[in-house]
Amino acid sequence: MVRLYAVTGDPLYKDYFDQILAIRNGEQARPARYYQIPYWDLVLATGEHQGEAGETVPIRELITGSDASRLEVTLLADAEDWSNVLVELENEVMDVVAAQVEAGDGTYRLEGEALAAMQRLHGQENHVAKERIMRSLVLLSEFATDEEGARDIVGSVREMNSVVLGLVALGVLIGLVAVTHARGTGQSLRRGAPLVTLLAIVSMLVFAALTLRTQDNVD
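All values reported here derive from a predicted model rather than from experimental measurement.

1. What to know about the pattern of salt bridges
The tally for this structure, following the rule as stated, stands at seven salt bridges. For R60, the salt bridge goes to E80, with nearest N and O atoms at 2.9 Å. Linking R60 in helix α4 (residues 59–64) with E80 in helix α5 (residues 70–103), this pair joins segments that are 20 residues apart in sequence. Since its relative accessible area comes to 32%, R60 is described here as partly exposed. Measuring nitrogen to oxygen at the nearest pair gives 2.9 Å for the salt bridge that ties R120 to E125. By relative accessible area, which is 28% here, R120 ends up partly exposed. In this structure, a network of salt bridges that share partners links the residues R24, R60, E80 and D81.

Rendered as structure tokens:
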């Protein structure tokens, strides 16, 4: 939007820019399907806002209120911080353009100070801020992929543990039955059955602890 404004001097694009920022900052209602459709492309093409208005809430509040991990929240917050660095640059450029439009009594030419301001949008300070934004988003994407893989592993471990625990539970049942019927079968079985039961119970506790530890490592 700021580049369109710098090229044309049309205040409509500055207004759209301000609306985008207001939505992100929770100062204007976020459209209900804001992330599901190419919202601003449609607005640019039709001149009409799409759908109904939704909640008025800052994007950072949406992030912290989601089920995102602490690392994901940190990376998204860092991306927004660098985006705000870009906002400062963009507002400086738009101030120059607005002054040029006013000085020309509505006639705008991309030259002089306006041209120099436009070039800032393609300069190094712009590139650095964008790179920092994208770096955080790339790290976020990589983390999400690794987390998904880790959770797949946890799922496999849980399935394996379920099978093992089932077998152990069967062993416990057999041990209890053996104890019950040991009265008439001699002292050796009577002594051995409780030991089998004890080992089975210990095994269940060990596997349960391993399952919880695996989940804790992923979280």
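Moving on, there is more to tell.
2. What about the packing of aromatic side chains?
Summed over all chains, the structure comprises four aromatic pairs. Note on Y16 and W40: the rings are 5.5 Å apart at their centroids and 50° apart in plane angle, and the pair reads as tilted. Separated by 24 residues along the polypeptide, Y16 in helix α2 (residues 11–24) and W40 in helix α3 (residues 39–46) bring together distant segments of the chain. Residue classification places Y16 among the buried residues on the basis of a relative accessible area of 5%. For W40, a relative accessible area of 12% translates into the label buried. For the ring pair Y39 and W40, a centre distance of 5.2 Å and an interplane angle of 80° mean the geometry is edge-to-face. A relative accessible area of 5% places Y39 in the buried class. A network of ring pairs unites the aromatic residues Y16, Y34, Y35, Y39 and W40 as a single cluster.

3. Details of the packing of α2 against α5
Contact geometry for α2 and α5: axes closest at 12 Å, N-to-C directions at 155°. When the axis of α2 is compared with that of α5, the two are roughly antiparallel. As for how α2 packs across α5, the hand of that crossing is left-handed. Taken together, the residues of α5 that come into contact with α2 (itself represented by K14, F17, L21 and R24) are E80, S83, N84, V87, E90, N91 and M94. By residue class, the composition of the contact of α2 with α5 is four nonpolar, three polar and four charged.

4. Points about the environment of E90
Residue position: E90 is located in helix α5. The class of E90 is buried, set by a relative accessible area of 13%. Here the alpha-carbon distance between E90 and L121, two residues 31 residues apart in the chain, equals 7.3 Å. Ignoring anything within four residues of it in the chain, the contact list for E90 reads V2, F17 and L121.

5. Regarding helix α6 (residues 112–120)
Every buried residue belonging to α6 is among A114, A117 and M118, and all of these are buried. One face of α6 carries all of its buried residues, which in axial projection span an arc of 100°. Exposed residues lying more than 90 degrees from the buried face of α6 are G112 and E113. Of the surrounding elements, those touching the buried residues of α6 are α1 (2–8) and α5.

What counts and how
Residues numbered from 1 in each chain as written. Predicted model: local features only at pLDDT ≥ 70, side-chain atom pairs only at ≥ 80, totals over all residues. Heavy atoms only, no water. Salt bridge = Lys/Arg side-chain N within 4 Å of Asp/Glu carboxyl O. Helix = DSSP H or I, 4+ residues; strand = E, 2+ residues; numbered from the N terminus. Buried < 20%, exposed > 50% of the residue type's maximum accessible area, 1.4 Å probe, protein only. Phe/Tyr/Trp six-rings, centres within 6.5 Å; stacked < 30°, edge-to-face > 60°. Axes fitted to C-alpha atoms, helices over the stretch in contact; angles between N-to-C directions. Parallel < 35°, antiparallel > 145°, perpendicular 65-115°, else oblique. Left-handed = near helix turned anticlockwise from the far one by under 90°. Contact = heavy atoms within 4.5 Å. Nonpolar A, V, L, I, M, F, W, Y, C, P; charged D, E, K, R; others polar. Arc of directions from axis to C-beta.

Any functional reading would require information that these geometric values do not contain.
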